[in-house]
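Summary of the model geometry
What follows is the residue order along each chain.
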2 protein chains.
Amino acid sequence: MDPFKFALLHEDAATRARRGRLLTRRGTVETPVFMPVGTQGTVKGMLPEALAEVGAQIILANTYHLFLRPGHERVARLGGLHRFMHWDRPILTDSGGFQVFSLGELRKIDEQGVRFQSHLDGSAQVLTPESSIAVQQALDADVIMAFDECIPYPASREYVLESTRRSGRWAKRCREARRPGDGAALFGIVQGGMYADLRAQSAAELIEIGFEGYALGGLSVGEEAEVMYGVMDQALPLLPRDQPRYVMGVGTPENLVEGIARGVDMFDCVMPTRNARNGVLFTSFGRISIKQARYADDPEPIDSECGCYVCRNYSRAYLRHLYQSNEILSSVLNTQHNLHYYLQLLAEARTAIETDRFSEFRRAFYARRSE
Amino acid sequence: MDPFKFALLHEDAATRARRGRLLTRRGTVETPVFMPVGTQGTVKGMLPEALAEVGAQIILANTYHLFLRPGHERVARLGGLHRFMHWDRPILTDSGGFQVFSLGELRKIDEQGVRFQSHLDGSAQVLTPESSIAVQQALDADVIMAFDECIPYPASREYVLESTRRSGRWAKRCREARRPGDGAALFGIVQGGMYADLRAQSAAELIEIGFEGYALGGLSVGEEAEVMYGVMDQALPLLPRDQPRYVMGVGTPENLVEGIARGVDMFDCVMPTRNARNGVLFTSFGRISIKQARYADDPEPIDSECGCYVCRNYSRAYLRHLYQSNEILSSVLNTQHNLHYYLQLLAEARTAIETDRFSEFRRAFYARRSE
């Protein structure tokens, strides 16, 4: 039994944008897709029904956080992550590598894996390729990610080379720990930093091992957007055309449009949700900061072109009041709007690709932001 | 035009419990009723649609908070509080007196009104009977409350006498500032502390002035429950039988059941919402604290007899995880359950009164809590 499949439905005539479909054991996902981030088993401030309402098809959960609290074995005993958090659509879990490596002095790496101290209580913990896969399986994710190092930026060629080679060996161990055919997909993660030859080498190694999908890791780590786009331009064409391509941790609406134009199928990022809690809202004409005094008397919705629940029912003045008053509903409403914006943007991109009009879509996207 | 009316539908055969109906310009309210508290123009963590789902018929908003931020004139310019917060059912506003008098050293009282410093920015502010009414009218509340002093407990007879007399004079000024017939109801507030003769005198004065409803103020301020019930026993029969009776700031589920038995029609309290944010949940068998380790692996809902959205879809283990993780959804889900509990309790009480079975309802209520 291996119901995970990717169907490449259409390729845009003028760009490398792709229209596809993931077929998972928990339903289909139309691509390109943006995956809201539910770090601790909840997309902050969003009921699952609200997530469905804004069009979320698949969400991301963080292995590192759930491993530490409440614990993957506990989640497994309670019926898996879907049942735990009342979400029946697909879930992708990251491998925990990104968070573990972000711990800096609190972690120590060797060939076996990573020893680290929990950010919650300082307790000693270990993650290895094998245990990361075991955790993700216990959570019962539909797409699981190989355990790798997310290389910081900038980094020396020597560091990137050594790290990428180790991530390659770890990817092989992940594949061995999780053979295809038992229900969920395993994706490999292309590293190599900003070095084209190392990216190519990493991609070749992973393809040789063989995964159900491929990600670009180590992007959106502080590099210029043009550098990121350069890596996409160079590395994405090296990946199998008939398999899904995921760029991890990206990004702004502009990053998404550019990524789609270069052939990315899947994205995730905390930007719409985290920004929402800080009062930064996405609109068709760019970002606004709802805390500004100019909105105190503004009866208009966030974006008069937006059809979301928030824009249909609430004024900027009310949203500013909620933000100023530190009310829970501020985060709830702002998050709902921002996720609707991101998911609607992707829905419109999908339609544009289907009709070979992605270049026009991209031009219109930028034109409205510079009016 | 004065559509505000109260219809006394039925009186319980064995207790003083009353089944009634408020007819307001924004729809009817079945009594006895519990009013969730929306201090700053939002019931913390509750979308208006969720409030309707748990059965909220009318909510309370705080004049003091909205006066200071965002300001009643701003709310009026934006179309009134209902439109501002996207709530189209009735709203009752308190007078601001309770909060102003709670400021202690930051306020100064004289016959004219109260001068105080804003808790937000220390700015000098004034509220008088006339301005309190003006603020409540600007908010466009459906039921507005007379401006009075909420007397602390304990208090000397001299203090209570003087304060109650002044509140009586202020009540008259409120009535003059707001004549009947312009749409909303004005309620007078019986003071008198825990002194029966002063309560009686206050009630007589207010009835002489004439209001659309009467409240008991100065309860739930630290006195024993038996003292509170004693005041209800003594003062409620002094009020006009054909007008609504509201006990302000009360209380626990037990307080509500006892209040209903004594003839109270309306209640408000922050208890279900504030406790929810602290992880304290109400059930048919009493309160539980969801943070306790005993719930970490508990797959059961909060209350297996509860039919609310939260109990239908989430385990205690998940709710404990959300609380431990300081997640927004913790407050959202806990609040939704607690308000459902309170509002369902009142709905069941109404049915019991209609069929002259309130005594049985009350016995069963206590029996389930002591099992």
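Description of the structure in this document.

1. Focus: the pattern of salt bridges
Residues and elements named next belong to chain A. Using the criterion set out here, one finds 52 salt bridges over all chains in the structure. Put simply, Arg368 and Glu305 hold a salt bridge, and the shortest N to O gap is 2.2 Å. Remark: Glu305 occurs in the loop between strand E16 (286-289) and helix H12 (309-313) and Arg368 occurs in helix H15 (residues 358-369); sequence separation between them is 63 residues. Relative accessible area serves as the criterion here: at 56%, Glu305 is assigned to the exposed category. One salt-bridge network, held together by shared partners, links Arg16, Asp233, Glu258, Arg262 and Arg362.

2. Brief notes about the sheet that holds strand E13 (residues 245-247) of chain A
All names here are of chain A. With respect to topology, 8 strands assemble into an open sheet ordered E4-E14-E13-E12-E11-E10-E6-E5, the strand pairing being parallel. Strands with a single pairing partner mark the edges of an open sheet, and in this sheet they are strand E4 (33-35) and strand E5 (59-61). Neighbouring strand axes in the sheet, compared pairwise and without regard to direction, differ in orientation by 25° on average. As paired strands, E5 and strand E6 (residues 91-93) are joined by 3 bridges and run parallel to one another. In the strand pairing of E6, Ile59 is matched with Ile91. Packing of helix H6 (residues 129-139) onto the sheet brings it into contact with E6, strand E10 (143-145) and strand E11 (185-190), and relative to E10 it is tilted by some 160°. Along the sheet, helix H14 (residues 328-354) makes contact with E4 and strand E14 (266-268), crossing E4 at roughly 160°.

3. Here's the deal with the packing of H6(A) against helix H7 (residues 157-177) of chain A
Residues and elements named next belong to chain A. Closest axis-to-axis distance for the H6/H7 pair is 8 Å, and the angle between their directions is 45°. As judged from the angle between their axes, H6 and H7 are oblique. Judged by the twist between their axes, the crossing of H6 over H7 is right-handed. Side by side, H6 and H7 meet where Pro129, Glu130, Ile133 and Gln137 of the first sit next to Trp170, Arg173, Cys174 and Ala177 of the second.

4. Some thoughts on the interface of chain B and chain A
Facing 38 residues of chain B, the contacting portion of chain A comprises 38 residues. By the criterion of area lost to chain A, the three top residues of chain B are His321(B), Glu327(B) and Ile328(B), representing 17% of everything that side buries. The interface formed by chain B and chain A includes 6 salt bridges. In this structure, the connection of chain B to chain A is made through 22 residue pairs in polar contact (both at pLDDT 80 or more). For the side of chain B that touches chain A, the secondary-structure elements that each account for two or more residues are helix H1 (48-53), helix H3 (72-77), helix H4 (81-85), helix H12 (309-313), helix H13 (316-324) and helix H14 (328-354) of chain B.

5. Observations concerning the environment of Leu346(A)
Residue and element names in this part refer to chain A. Relative to the helices and strands, Leu346 resides in helix H14. Judged by relative accessible area, which is 1%, Leu346 ranks as buried. Sequence-distant contacts of Leu346, that is, excluding residues within four places in its chain, are made with Pro32, Val33, Phe34, Leu256, Ile260 and Phe267.

6. Notes on the packing of aromatic side chains
This structure, assessed with the given rule, holds 27 aromatic pairs over all chains. Ring geometry for Phe358(A) and Phe361(A): centres 5.5 Å apart, planes at 35°, overall tilted. Taken together, the positions of Phe358(A) and Phe361(A), both in helix H15 and 3 residues apart, correspond to about one turn of that helix. Residue Phe358(A) shares its accessibility class with Phe361(A), and that shared class is buried. Residues Tyr64(B) and Phe116(B) carry aromatic rings whose centres are separated by 5.7 Å and whose planes lie at 45° to one another, so their mutual orientation is tilted. Here Tyr64(B) is found in helix H2 (residues 63-68), whereas its partner Phe116(B) is found in strand E8 (residues 114-117), with 52 residues between them in sequence. The residues Tyr64(B) and Phe116(B) share a single accessibility class, namely buried.

7. Looking at the pairing of E11(A)
Residues and elements named next belong to chain A. Within E11, 6 of the 6 residues are buried, which leaves it mostly tucked inside the rest of the structure. Going residue by residue along E11, you find Ala185, Phe187 and Ile189 tucked away on one face and Leu186, Gly188 and Val190 tucked away on the opposite face as well. Sheet analysis places E11 next to strand E12 (residues 213-216), joined by 4 bridges and oriented parallel. Counted as the bridge partner of Ile189 is Ala215 from E12. Note on the crossover from E11 through helix H8 (residues 196-209) to E12: the handedness is right-handed.

8. Some words on empty space enclosed by the protein
Residues and elements named next belong to chain B. Scanning all chains against the criterion turns up 6 cavities of 30 Å³ or more. Of the pockets and cavities examined, the largest cavity occupies roughly 50 Å³. Going through the elements one at a time, helix H7 (157-177) and helix H8 (196-209) are the ones with two or more residues in the lining of the largest cavity. Element by element, the count of residues in the lining of the largest cavity is highest for H7, at 4 residues. Considered class by class, the residues forming the lining of the largest cavity number 4 nonpolar, 5 polar and 1 charged.

9. Some details on the relation of the copies chain B and chain A
Once turned by 180° and shifted 0.0 Å along the axis, chain B lies on chain A with an RMSD of 0.0 Å. The transformation just described matches what one would write down for a two-fold rotation axis. Relative to the rotation axis, the closest C-alpha in chain B is found at Ile328(B), a distance of 3.6 Å. Looking at the interface residues of chain B, 100% of them are also at the interface in chain A, so both copies use one shared face.

10. Some details on the sheet that holds strand E2 (residues 18-24) of chain B
Consider a sheet: its strands pair through backbone hydrogen bonds, and that pairing is either parallel or antiparallel. Residue and element names in this part refer to chain B. On the basis of which strands lie adjacent, the open sheet formed by 3 strands has the order E1-E2-E3 and antiparallel pairing. The open sheet terminates on both sides in strands that have one partner only, identified here as strand E1 (5-11) and strand E3 (27-31). Each strand axis lies, on average, 15° off the axis of its neighbour in the sheet, ignoring direction. When E2 meets E3, the two strands line up antiparallel, connected through 5 bridges. Residue pairing for E3: Leu22 is matched across the bridge by Val29. Packed on one face of the sheet, H14 meets E1, E2 and E3 and runs near 115° to E2.

11. Side note on the nonpolar core
Counting 188 residues, the largest nonpolar core has Leu216(A), Leu333(A), Phe358(A), Leu216(B), Leu333(B) and Phe358(B) as the members making the most contacts within it. Every residue in contact with Leu333(A), bar those within four places of it in the chain, is listed here: Tyr309(A), Val310(A), Tyr314(A), Tyr318(A), Leu319(A), Leu322(A) and Leu47(B).

12. Some remarks on unusual backbone geometry
With an omega dihedral of 5°, the bond running from Thr31(B) to Pro32(B) counts as a cis peptide bond. With respect to the helices and strands, the residue Pro32(B) is situated in the loop between E3 and strand E4 (33-35). Backbone torsion omega between Arg69(B) and Pro70(B) reads 10°, so that peptide bond is classified as cis. One can find Pro70(B) in the loop between H2 and H3. Notably, Ser220(A) is not glycine yet its phi reads approximately 60°, a positive angle. Of note in the backbone geometry, Asp140(B) takes a positive phi value of approximately 70° without being a glycine. In this structure, Asp140(B) sits in the loop between helix H6 (129-139) and strand E10 (143-145). Residue Asp140(B) is classed as partly exposed on the basis of its relative accessible area of 24%.

Reading guide: rules and limits
- Residues numbered from 1 in each chain as written.
- Chains lettered and ligands numbered in written order.
- Predicted model: local features only at pLDDT ≥ 70, side-chain atom pairs only at ≥ 80, totals over all residues.
- Heavy atoms only, no water.
- Salt bridge = Lys/Arg side-chain N within 4 Å of Asp/Glu carboxyl O.
- Helix = DSSP H or I, 4+ residues; strand = E, 2+ residues; numbered from the N terminus.
- Buried < 20%, exposed > 50% of the residue type's maximum accessible area, 1.4 Å probe, protein only.
- Pairing = 2+ DSSP bridges.
- Axes fitted to C-alpha atoms, helices over the stretch in contact; angles between N-to-C directions.
- Contact = heavy atoms within 4.5 Å.
- Parallel < 35°, antiparallel > 145°, perpendicular 65-115°, else oblique.
- Left-handed = near helix turned anticlockwise from the far one by under 90°.
- Buried area = accessible area lost by both parts, 1.4 Å probe.
- Polar contact = N/O pair within 3.5 Å; in protein donor to acceptor, adjacent residues only side chain to side chain.
- Phe/Tyr/Trp six-rings, centres within 6.5 Å; stacked < 30°, edge-to-face > 60°.
- Right-handed = clockwise from strand over helix to strand, strands pointing away.
- 1 Å grid on protein atoms, 1.4 Å probe; cavity = no way out; pocket = protein on both sides within 12 Å on 5 of 7 lines; lining within 4 Å.
- Points joined across faces, edges and corners; volume = space filled by probe spheres on them.
- Nonpolar A, V, L, I, M, F, W, Y, C, P; charged D, E, K, R; others polar.
- Least-squares fit on C-alpha atoms with pLDDT ≥ 70 in both.
- Core = buried A, V, L, I, M, F, W, Y, C linked by side-chain atoms within 4.5 Å.

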